[in-house]
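# Structural overview
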Amino acid sequence: MDTEEIGKKILEDPFLFNLSSLAKENNIPIFLVGGYIRDLFLGIHRKDYDFTLPKEAYSCIPMIEETLHLHFFKVGKEEINTITYRIVKKDMSIDLTLFQGKTIEEDLRRRDFTINATAFSLRDETFHRVERALEDIRNRVIRAVSNHSIDQDPLRMLRAIRYLCTLNGFAIDTGLKEEISLKKEKIGNLPGERIKMELDQILLSPRPEVGMRSLYELGLLFILLPELKDLENLGQNEHHHLDVLSHTLLMIEKISWASKWIAQGGKDISLSQEEWLSLYYVVLFHDIGKQDTYSKDEKGRVH
């Protein structure tokens, strides 16, 4: 689909049509940005909306709430200008932020990846995007918007891997892989809860094994989970053909494979998200004691 078709698709959504009408009637420069637009280009329709406003349009937020018949709650820190106005309901989520920069173009240049750096003005019905945004969506490439993207927020390293696991057929750009490998130590400076949230989403994704192997290959795994470091190249007894770390990563893949195999048979594993997460973390840590108890006997057998 081209941008004209996508523009029509956006306004076919009753929620966005009502917000567009409000923007036109009251001259509110509100923009739909990011994942919703990306997913439309991919033929996916979700009810996860991201909006942005110029800082001087902050006073319009109560009017938007009144139109939506919903109320935002704040997350983030006002002192460092990272406030997000959020609404979460069972069937949809809404995030609204104020521009990072003075214009929508400046805001888009400060976003994480080109595939998320497209905006649609609900007031003017115009598209705005960074260079290569549409090309990377079509070619399914996860590429940083700028050379400063990882420095602005090192969590974007994990976010890139999360997109790799959740967006079908996508690959991480070679330049971004190199940058992650070079700057991987920065991930250790982030709050644990932010890291855990991304790890959880990777493990709950359709391809958790891809995520965990990417963390390993890009050098992030042992920074995030140092307990696994000594499992690398740690041999096992004759009942195992892999070292302990390779065995652990394979088990992540097998859990994912087994659940899909059971589903194909028309059955269901009735686990909650929390229970799935527990299972994956148990698998990740189930063999960490082997590094401390490893020994070989006089016949060369591993114990």
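The structure this text deals with has already been given above.
## Here we look at the packing of helix H11 (residues 208-217) against helix H13 (residues 244-264)
For the pair H11 and H13, interaxial distance at closest approach is 8 Å and the crossing angle is 155 degrees. When the interaxial angle is binned, H11 and H13 end up roughly antiparallel. Across from Pro208, Glu209, Met212, Arg213 and Tyr216 in H11, the residues of H13 making contact are Leu245, Ser246, Leu249, Leu250, Ile252, Glu253 and Ser256. A breakdown of the residues in the contact of H11 with H13 according to their chemical character gives seven nonpolar, two polar and three charged.

## A closer look at the side chain of Asp153
By the element assignment, Asp153 lies in the loop between helix H7 (149-152) and helix H8 (156-166). Owing to a relative accessible area of 13%, Asp153 belongs among the buried residues under this scheme. Setting aside anything within four residues of it in sequence, one finds Asp153 in contact with Arg159, Leu190 and Arg194.

## Quick notes on the pairing of strand S2 (residues 48-53)
As defined by bridge partners, strand S1 (residues 31-33) adjoins S2 across two bridges and the pair is classed as antiparallel. Residue pairing in the sheet places Phe31 in a bridge with Thr52 of S2. One ladder, built from six bridges, connects S2 with strand S5 (residues 93-98); its direction is parallel. Bridge pairing links Phe51 to Leu96 in S5.

## Describing unusual backbone geometry
In this model, His69 sits at a positive phi of 60 degrees, which is unusual for a non-glycine residue. Locating His69 in the fold gives a position in the loop between helix H4 (61-68) and strand S3 (73-75). The phi dihedral of Arg140 falls on the positive side, at around 60 degrees, and the residue is not glycine. If you trace the backbone, Arg140 turns up in the loop between helix H6 (133-139) and strand S8 (141-142).

## Quick look at helix H10 (residues 192-203)
If you check H10, its first and last C-alpha atoms are 16 Å apart, about what 12 residues at 1.5 Å a residue would give, namely 16 Å. Every buried residue of H10 is listed here: Ile195, Glu198, Leu199, Asp200, Ile202 and Leu203. Taken together, the buried residues of H10 touch H8, H11, helix H12 (221-224) and helix H14 (273-285).

## What to know about the nonpolar core
In this structure, Ile10, Ile30, Phe51, Ile94 and Ile142 are the most contacted members of the largest nonpolar core, which totals 83 residues. Considering every element that reaches this core, the biggest residue donor is H8, with seven residues. Leaving out residues up to four positions away in the same chain, Phe51 has contacts with Phe15, Leu16, Leu19, Ile30, Phe31, Leu32, Val33, Ile94, Asp95, Leu96, Thr97 and Leu122.

## Concerning the packing of aromatic side chains
For any pair of aromatic rings, geometry is given as the distance between the ring centres together with the angle between the planes. According to the stated counting rule, one finds 12 aromatic pairs in the structure shown. Summarising the aromatic geometry, the rings of Trp257 and Trp261 are spaced 6.2 Å apart at their centres and angled 10 degrees between planes, so their arrangement reads as stacked. With Trp257 and Trp261 both in helix H13 and four residues apart, this pair spans about one turn of that helix. Both residues of the pair, Trp257 and Trp261, count as exposed. A connected cluster of aromatic rings, assembled from ring pairs, spans Phe15, Tyr36, Tyr49 and Phe51.

## What about the pattern of salt bridges?
Scanning all chains against the criterion turns up 18 salt bridges. Across the pair Lys186 and Asp151 runs a salt bridge, and its minimum N-O distance is 3.7 Å. Placement of the pair is Lys186 in the loop between helix H9 (174-183) and H10 and Asp151 in helix H7, with a sequence separation of 35 residues. One salt bridge in this structure joins Arg159 and Glu198, with 3.7 Å as the shortest N-O distance. Of this pair, Arg159 sits in helix H8 while Glu198 sits in helix H10, placing them 39 residues apart in sequence. The exposure class of Arg159 is buried, given its relative accessible area of 16%. Salt bridges sharing common partners tie together Asp112, Arg159, Arg162 and Glu198.

Reading the values: the criteria
Residues numbered from 1 in each chain as written. Predicted model: local features only at pLDDT ≥ 70, side-chain atom pairs only at ≥ 80, totals over all residues. Heavy atoms only, no water. Axes fitted to C-alpha atoms, helices over the stretch in contact; angles between N-to-C directions. Helix = DSSP H or I, 4+ residues; strand = E, 2+ residues; numbered from the N terminus. Parallel < 35°, antiparallel > 145°, perpendicular 65-115°, else oblique. Contact = heavy atoms within 4.5 Å. Nonpolar A, V, L, I, M, F, W, Y, C, P; charged D, E, K, R; others polar. Buried < 20%, exposed > 50% of the residue type's maximum accessible area, 1.4 Å probe, protein only. Pairing = 2+ DSSP bridges. Expected span 1.5 Å × (residues − 1). Core = buried A, V, L, I, M, F, W, Y, C linked by side-chain atoms within 4.5 Å. Phe/Tyr/Trp six-rings, centres within 6.5 Å; stacked < 30°, edge-to-face > 60°. Salt bridge = Lys/Arg side-chain N within 4 Å of Asp/Glu carboxyl O.

In short, geometric facts, not functional conclusions.
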